[in-house]
Amino acid sequence: MRFSPVAFIFILLVFSLNLTAQQPTANWPSFRGFHAQGTAQANIKIPQSWSVPDNKNIKWRVPIPGLAHSSPIVWGDRVFITTAINSKGKSELKLGLYGNIAPVKNPPAHSWWIYCLDRQTGKVMWKHKCHDGIPQVKRHTKATHANSTPTTDGKYIVAFFGSEGLFCLDMEGKQIWARNFGLLDSGFFRVPRAQWGFASSPIIHEDKVIIQCDVQKNSFIAALDLKTGKTLWRTARTEVPTWSTPTVYVGSEQTQVIVNGFKHIGGYDLETGKEVWQLSGGGDIPVPTPVIGYKLIFITNAHGPGSPIYAIKPDAKGNISLEQGEHSNQFIKWSVPRGGGYMQTPIVYADHFYTCRDNGVLSCYAAETGKLFYRERLGRATGFTASPVAGDGKLYFAGESGEVVVVKAGEKFKVLSRNSMGESCMATPAISSRNLIFRTRSHLVSIGK
């Protein structure tokens, strides 16, 4: 059988595309991966069972100095993390469920770093010190001075250390630019002396770096040029301190930056920074990142007056706040007044929306309608701060104690396994190819063969 040159090229192209589609992606470029979705590529197998103390199903485990709750990110065969190293030794960390709002007093000098590791071996390829000095803002006893997850587009790495600055490096660790936005004081707005540390992570979309800085005074959201750090637009926000990372929604007519908040949940035009829609109400300490799924924008928060879940239509315009007693309107498809998460970012996986509370109570809803399928407790762990990730029909919930609970995806609750990390775990893991990468108290760990 003979083929024309055009037909032959077409066959080669189809063969190449099929091969590409079968290759598991290694990239996990920001907090919770692409657009904070938190899900692995379809049709790849990822581990269900392991044990760090028993060295079971562990690819590598590497010690990392300092203390940080920032998550690992991955591009190709490189893993990037940040850390803050205490000049006086090991930093204390208080875990569990408690209500003390006081920050850690009198912090000593720290140094802030970006590390690059080989994804296959865990070997440190390079490290770059971004800043030295005494932290300008105190941290919560359960937080760190490096809470924000870095982001990359495969050419640049951007890391945000709050009041200590925003830094952009190339893939070899050379600093390209840095910006300082002054004092970014994050803490409980009702008790301003309770400083808790900055936590919103930067994101990259195309040629822009997006940052959300909701603080005690002069809150704002801004877009910077990725190559130069120049401000493209900056929009003021009337908002109390929040710790949420923004999300980008790419629509057919408009691309929006979606943000969580207490007074000002909303969407902003990516090109201009102009507000598109606004929603107020809910929990007064917003932490979870907005997520996109099932052609809806999902936002949840908690503490104080409420813990709502909102499922918002992406064509929302203007003030879409619910009236008293309402659960839906023209732009809010469904909502739940109480049931949202405080610390964890929720996840949309297949047809379901999952949200977990700090105490490990997991709820599963129909993403399209808001129908509640179950509300069950994950079990023995004393607290859950890290956000879940999903893949291969499974959901992964890392407890503060270091136990990772694996749950079967779907409308019936079933625990598949419980796995020990050997030390506390506060950071959200990454999924890269067929591996899970966890940041624990003092190590970076790759799970899987």
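Residues numbered from 1 in each chain as written. Predicted model: local features only at pLDDT ≥ 70, side-chain atom pairs only at ≥ 80, totals over all residues. Heavy atoms only, no water.

A.B. asks: Teacher, can you tell me more about the overall build of the protein here?
C.D. replies: Along the backbone of the protein there are 1 helix and 33 strands. Expressed along its principal axes, the backbone C-alpha trace of the protein runs to roughly 80 × 55 × 50 Å. Long-range contacts, defined as pairs at least 24 residues apart, comprise 58% of the intrachain contacts of the protein with a sequence gap of at least 6. Total accessible area on the protein stands at roughly 18500 Å², and carbon and sulfur atoms take up 52% of it. Here the protein holds 50 positive side-chain charges and 32 negative ones, and the gap between their average locations is 6 Å. (Helix = DSSP H or I, 4+ residues; strand = E, 2+ residues; numbered from the N terminus. Contact = heavy atoms within 4.5 Å. Areas by Shrake-Rupley, 256 points an atom, 1.4 Å probe, with all protein chains shown as cover. Lys, Arg positive; Asp, Glu negative; His and termini not counted. Charge placed at Lys NZ, Arg CZ, Asp CG, Glu CD.)

A.B. asks: Explain the environment of Ala36 to me, please; I cannot follow it from the model alone.
C.D. replies: Tracing the backbone through its elements, the reader meets Ala36 in the loop between helix H1 (5-22) and strand E1 (58-63). Residue Ala36 is classed as buried on the basis of its relative accessible area of 5%. In this structure, the C-alpha to C-alpha distance between Ala36 and Phe198, residues 162 residues apart in sequence, is 19 Å. (Buried < 20%, exposed > 50% of the residue type's maximum accessible area, 1.4 Å probe, protein only.)

A.B. asks: I'm lost on the layout of surface pockets in this one. Help?
C.D. replies: Think of a ball as big as a water molecule: rolled over the atoms, this probe shows where empty space is left. Taken as a whole, the largest pocket encloses approximately 850 Å³ of empty space. If you go around the largest pocket, you meet 36 residues; those closest to its centre are Ala143, Trp243, Val287, Met343 and Thr385. In the lining of the largest pocket, the residues fall into 17 nonpolar, 17 polar and 2 charged. Estimates place the volume of the second largest pocket at around 280 Å³. What lines the second largest pocket is a set of 19 residues, among which Pro29, Ser30, Phe34, His35 and Ile204 lie closest to the centre. The element best represented in the lining of the second largest pocket is strand E10 (residues 203-205), accounting for 3 residues. By residue class, the composition of the lining of the second largest pocket is 9 nonpolar, 8 polar and 2 charged. (1 Å grid on protein atoms, 1.4 Å probe; cavity = no way out; pocket = protein on both sides within 12 Å on 5 of 7 lines; lining within 4 Å. Points joined across faces, edges and corners; volume = space filled by probe spheres on them. Nonpolar A, V, L, I, M, F, W, Y, C, P; charged D, E, K, R; others polar.)

A.B. asks: Looking at this structure, how should I read the sheet that holds strand E32 (residues 435-439)?
C.D. replies: Across a sheet, strands are paired by hydrogen bonds formed along the backbone, either parallel or antiparallel in direction. Here 4 strands make up an open sheet; going across it, the order is E1-E33-E32-E31 and the pairing antiparallel. At either end of the open sheet lies a strand with only one pairing partner, and these are E1 and strand E31 (430-432). Averaged over all neighbouring strand pairs, the angle between strand axes comes to 20°, with direction disregarded. In the sheet, E32 pairs with strand E33 (residues 443-447) via 4 bridges, with the strands oriented antiparallel. Bridging from a neighbouring strand, Ile437 pairs with Ser446 of E33. (Pairing = 2+ DSSP bridges. Axes fitted to C-alpha atoms, helices over the stretch in contact; angles between N-to-C directions.)

A.B. asks: Mind showing me how you'd approach the packing of aromatic side chains here?
C.D. replies: The geometry of two aromatic rings is summed up by the distance between their centres and the angle between their planes. This model, assessed by the stated rule, comprises 18 aromatic pairs. Through successive ring pairs, a cluster of aromatic residues spans Phe188, Phe189, Trp196, Trp243 and Phe262. A cation over a ring is seen here: Lys127 above Trp113, with NZ or CZ 5.7 Å from the ring centre. (Phe/Tyr/Trp six-rings, centres within 6.5 Å; stacked < 30°, edge-to-face > 60°. Lys NZ or Arg CZ within 6 Å of the ring centre and 35° of its normal.)

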